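What follows is the residue order along each chain.
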Amino acid sequence: MKSPETDPPMHQRLCELLPRMRRFARSLTGHPQDADDVVQTAIERALARASQWRPEQALEPWLFGIVRNAWLDEVRARQRRGRVFAPEEEGEAVGHAGVDAHAVVLSVEAAMARLPEEQRTAVALVLVEGLSYKEAAAALEVPIGTVTSRLARGREALQRMLGDNRE
């Protein structure tokens, strides 16, 4: 483990983690514009509360927790304002993949969007972002067993929705 003196400064680590934070936010929100807004809010909160992060802790779970909480705050605010989310088909396609790959991406995104939020978040943190179960549990502020069960249910549901019966 590196000493705090040799670790890059927090702002540099935040910059390095931006793509992963945006990808995670996109999995939560389903829309690139919402994901960008959530990441911006999360970065602002992380910088304002930098003193709350302890260098001996992994930065990723702390940041992903802030991203998740920023999205939950936004959802609650939208509910209070009575807004309606934009339809899924108005989302932007990511990348310039071939037609078949594009269709797969869209079907996976649609399946992810149909998962309950708790399962979608667990799948996004562990399977997409590569966090350990322990790190995901810390980000979600739940026991590891809860992450395990949400992940198992999410995987099963995705396999059913995508027609993949392989183990």
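Every chain's residues receive numbers from 1 upward, in the order its sequence appears when written. Where totals are concerned, whole chains, interfaces and linings use all residues; where local detail is concerned, this predicted model gives features only for residues with pLDDT of at least 70, and gives and counts side-chain atom pairs only at 80 or more. As a rule here, side-chain values cover all heavy atoms of the structure and leave hydrogens and water aside.

K.L.:
For this particular structure, what's the right way to read the packing of helix α1 (residues 10-29) against helix α5 (residues 117-128)?
P.N.:
Each pair of packed helices can be summarised by the angle the axes make with each other and by the distance between the axes. In the contact formed by α1 and α5, the axes pass within 9 Å of each other and the chain directions differ by 155°. In this view, α1 runs roughly antiparallel relative to α5, as classed from their interaxial angle. Crossing of α1 over α5 shows right-handed handedness. Seen from α1, the contacting residues are R23, F24, S27 and L28; seen from α5, they are R120, T121, A124, L125 and V128. Under the scheme applied, nonpolar residues are Ala, Val, Leu, Ile, Met, Phe, Trp, Tyr, Cys and Pro; charged residues are Asp, Glu, Lys and Arg; polar residues are all the others, including Gly. Residue classes in the contact of α1 with α5 are distributed as five nonpolar, two polar and two charged. To get an axis, fit a line to the C-alpha atoms, keeping to the stretch in contact for a helix; angles then go from 0 to 180 degrees between the N-to-C directions. Think of it this way: any DSSP run of H or I at least four residues long counts as a helix, any run of E at least two long counts as a strand, and we number them from the N terminus. Here the word oblique covers every angle except those under 35 degrees (roughly parallel), over 145 (roughly antiparallel) and from 65 to 115 (roughly perpendicular). Crossing handedness follows the turn of the near helix against the far one: under a right angle anticlockwise gives a left-handed crossing, and clockwise gives a right-handed one. Throughout, a residue-residue contact means that at least one pair of heavy atoms, one from each residue, lies within 4.5 Å.

K.L.:
For this particular structure, what's the right way to read the pattern of salt bridges?
P.N.:
Between side chains of opposite charge, a pair can form as their charged atoms come close. Whenever a carboxyl oxygen of Asp or Glu lies within 4 Å of a side-chain nitrogen of Lys or Arg, that contact is scored as a salt bridge. According to the stated counting rule, one finds nine salt bridges in the structure shown. The salt bridge involving R22 is made with D36; its shortest N-O contact spans 2.4 Å. Here R22 is found in helix α1, whereas its partner D36 is found in helix α2 (residues 32-48), with 14 residues between them in sequence. Classification of R22 as partly exposed rests on a relative accessible area of 31%. Residue E129 pairs with R23 through a salt bridge whose shortest N-O separation is 2.9 Å. Here E129 is found in the loop between α5 and α6 (133-140), whereas its partner R23 is found in helix α1, with 106 residues between them in sequence. Here the term buried applies to any residue with accessible area under 20% of the maximum for its type, exposed to any over 50%, and partly exposed to those in between, with areas from a 1.4 Å probe on protein chains only. The class of E129 is buried, set by a relative accessible area of 5%. A relative accessible area of 41% places R23 in the partly exposed class. A single salt-bridge network, built from bridges that share partners, covers R20, R23 and E129.

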